[in-house]
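Notes for the structure review
The chain contents come next:
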Amino acid sequence: MRGLYVALMFAVLTSATNGYDGSMMNGLQALDQWKASFHNPNAATRGLLNAIMSVGSIVALPITPYIADIAGRRAGIITGCITMIIGVVLQSIGINIQMFIAARFLIGFGVAIAHGAAPLLIAELVHPQHRAIFTTIYNSTWYFGSIVAAWLTYGTFQITNAWSWRIPSLVQAVPSAIQLVAIWMVPESPRYHIAHGKTEKALQTLAKCHARGNVEDELVQIEYREINETIRLEQEFESNGWLDLFRTPGNRRRLLILITLGFFSQWSGNGLVSYYMNDVLEGAGVKDAKLRLEINGILNIINFATALTMCFFIDKFGRRPLFLFATGGMFVAFCAWTICAQQFVKTAAAAAGHAEIFFIFLYYVFYNSAWSGLLVGYAVEILPYRLRAKGLTIMFLAVDLALFFNSYVNPVALGKLGWKYYIVYDVWLFVELLTVYFFYIETRNTPLEEICKHFDGDAALLGGDLATEKAKHYLVEEIGNDSKIVPTSTTREIGEKTHSSSDEEHHVAAQRKDEL
């Protein structure tokens, strides 16, 4: 199992590629050699350079869920990685600003496809006990890529020709190349196999990943029954079109959470630092380009350490409490950051500038307590299988729209308004806090298929030992009509052992929790 998990983490480094890009663009904009190669691009052009990657991602989103659902989760990762590598090569040999922009569009296109498949593969493959850790680690690798890029651009700072920016650009292809090798060591999602009628292959995969190959393991049998019955019920009685995200109260709440996850993860003020740290630090009085690179590198190390540490406490503290803690802390820290920025502009006191930098660091400690890791992890787990790829695509659409806004508007707004632009984010962070408080649902210690109960209640379609009454009714009805849902040797007969009383249901749940 450990070997599989190691291969899996190498196979899903997509987020690291994304993080590398943000930090690399921060670093390149501090390099005189890069500015000279592209004739000192102005604020609007720099905004387009960053925004065009989001445009590429938005263009790819309509096909992304279909690649993951039809061709498979692994196929999505492979397609995205190949596209990203082609884009990186074109970016690295860019001879003018137009070629550089076109290459970044292609990189964004590939990132979207890989992003739309990689988190699904993790959530659907890992042991239930490890789901929260691995899905949050996935998005936290954003900072690993960011650290590498920050310190690599710092190292190439001394090179006096165009290779000072071409080297960091070429290295951006490394995570994708690693993924293309590692993906062949990882099996396809068992849920994908079941959805495509390959039930025996799904059972073998579950056994390999969760019980060292023992198909008779009790946990494997429980999981298999639950996944198999739930997916078959979804296929028989519910559609998987885009409009299904609007049809039921549970799905509308999921949709609200997905959209707010995407926008809040990028519209919380972090976009100012992710791509425009150079401008923010200049506004705080840091004029030395080398020092700005050092601060950027140190910030990314702290971000990665915080995000990685919090991955191991997701199930201990819960999703909702962490979101509330993080968003409340961000609101307070950003307000303090705004006050310090205003004082520095008014008095030019070095202490105000230093305090502003301190609150930038503190803000990111709060941000990484929840938003960096749970952005993908929470989005994946609240969705049923039939809507998982499409729902994740909606979330990434919100992310890309927010990134496009940040990339194009932030440099212009900072240039025109200075510290006053921070007030917009102060107000917005308070709106975020209220939204999380009233609409986000706790999913701690709940198996993937069973989370539907938190959103759909009695209307949820859940098979297996903890099947809902609605699911039992459909299963009995279909079996009685000799329909497609027929119990196999690995699936218990409905009615043989149903858990009708709440006491028995809680007893089964407790037993299962012990297994995990």
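Use the structure listed above.
These remarks concern the structure in this document. (Residues numbered from 1 in each chain as written. Predicted model: local features only at pLDDT ≥ 70, side-chain atom pairs only at ≥ 80, totals over all residues. Heavy atoms only, no water.)

1. Details of the overall build of the chain
Each helix and strand counted, the chain has 27 helices and zero strands in total. Summarising the internal contacts of the chain: among those between residues at least 6 apart in sequence, 81% fall at separations of at least 24. When the accessible area of the chain is evaluated, it comes to approximately 19,900 Å², of which 64% is carbon and sulfur surface. (Helix = DSSP H or I, 4+ residues; strand = E, 2+ residues; numbered from the N terminus. Contact = heavy atoms within 4.5 Å. Areas by Shrake-Rupley, 256 points an atom, 1.4 Å probe, with all protein chains shown as cover.)

2. Comments concerning the side chain of N300
Within the secondary structure, N300 is located in helix α18 (residues 289-310). In this structure N300 comes out as buried when scored by relative accessible area, which is 5%. Here S146 takes part through its side chain, which lies 2.5 Å from a polar atom of the side chain of N300. Among all residues touching N300, those that are not within four sequence positions of it are S23, Y143, S146, I147 and A150. (Buried < 20%, exposed > 50% of the residue type's maximum accessible area, 1.4 Å probe, protein only. Polar contact = N/O pair within 3.5 Å; in protein donor to acceptor, adjacent residues only side chain to side chain.)

3. Looking at the environment of I314
Within the secondary structure layout, I314 lies in helix α19 (residues 314-317). By relative accessible area, I314 is classed as buried at 3%. Distance from I314 to L374, taken between C-alpha atoms, is 8.5 Å for residues 60 residues apart in sequence. If sequence neighbours within four positions are ignored, I314 has contacts with A132, T136, R319, L322, L374 and R444.

4. Points about helix α20 (residues 319-347)
Each turn of an α-helix holds 3.6 residues, which means side chains three or four residues apart point in the same direction. For α20, spanning 29 residues, the distance from its first C-alpha to its last is 42 Å, which sits close to the expected 42 Å at 1.5 Å a residue. Of the residues flanking the end of α20, it is A348, one or two places downstream, whose phi is positive at about 60 degrees. (Expected span 1.5 Å × (residues − 1).)

5. Some thoughts on a nonpolar patch on the surface
Taken together, the side chains of L256, F430, L434, Y437, F438 and F439 present a nonpolar region at the surface, about 580 Å² in accessible area. Of the residues forming the nonpolar patch, the biggest block, five residues, is contributed by helix α24 (residues 422-439). With respect to the helices and strands, L434 occurs in helix α24. (Patch = residues over 30% accessible without salt bridge, like charges linked within 9 Å, V, L, I, M, F, W, Y side chains within 5 Å. Salt bridge = Lys/Arg side-chain N within 4 Å of Asp/Glu carboxyl O.)

6. Things to note about the packing of aromatic side chains
Under the counting rule described, the total for this entry stands at 33 aromatic pairs. Both rings, one in F323 and one in Y440, keep their centres 5.2 Å apart while their planes meet at 85 degrees; by these two values the pair is edge-to-face. A residue pair is termed long-range when its members are at least 10 positions apart, and F323 in helix α20 and Y440 in the loop between α24 and α25 (452-456) qualify at 117 residues. The burial state of F323 is the same as that of Y440; both residues are buried. Connected via pairs of aromatic rings, a cluster forms that spans F263, F264, W267, F323, W371, Y378, F405, W428 and Y440. A cation over an aromatic ring shows up here: R320 above the ring of Y437, its NZ or CZ 5.2 Å from the ring centre. (Phe/Tyr/Trp six-rings, centres within 6.5 Å; stacked < 30°, edge-to-face > 60°. Lys NZ or Arg CZ within 6 Å of the ring centre and 35° of its normal.)

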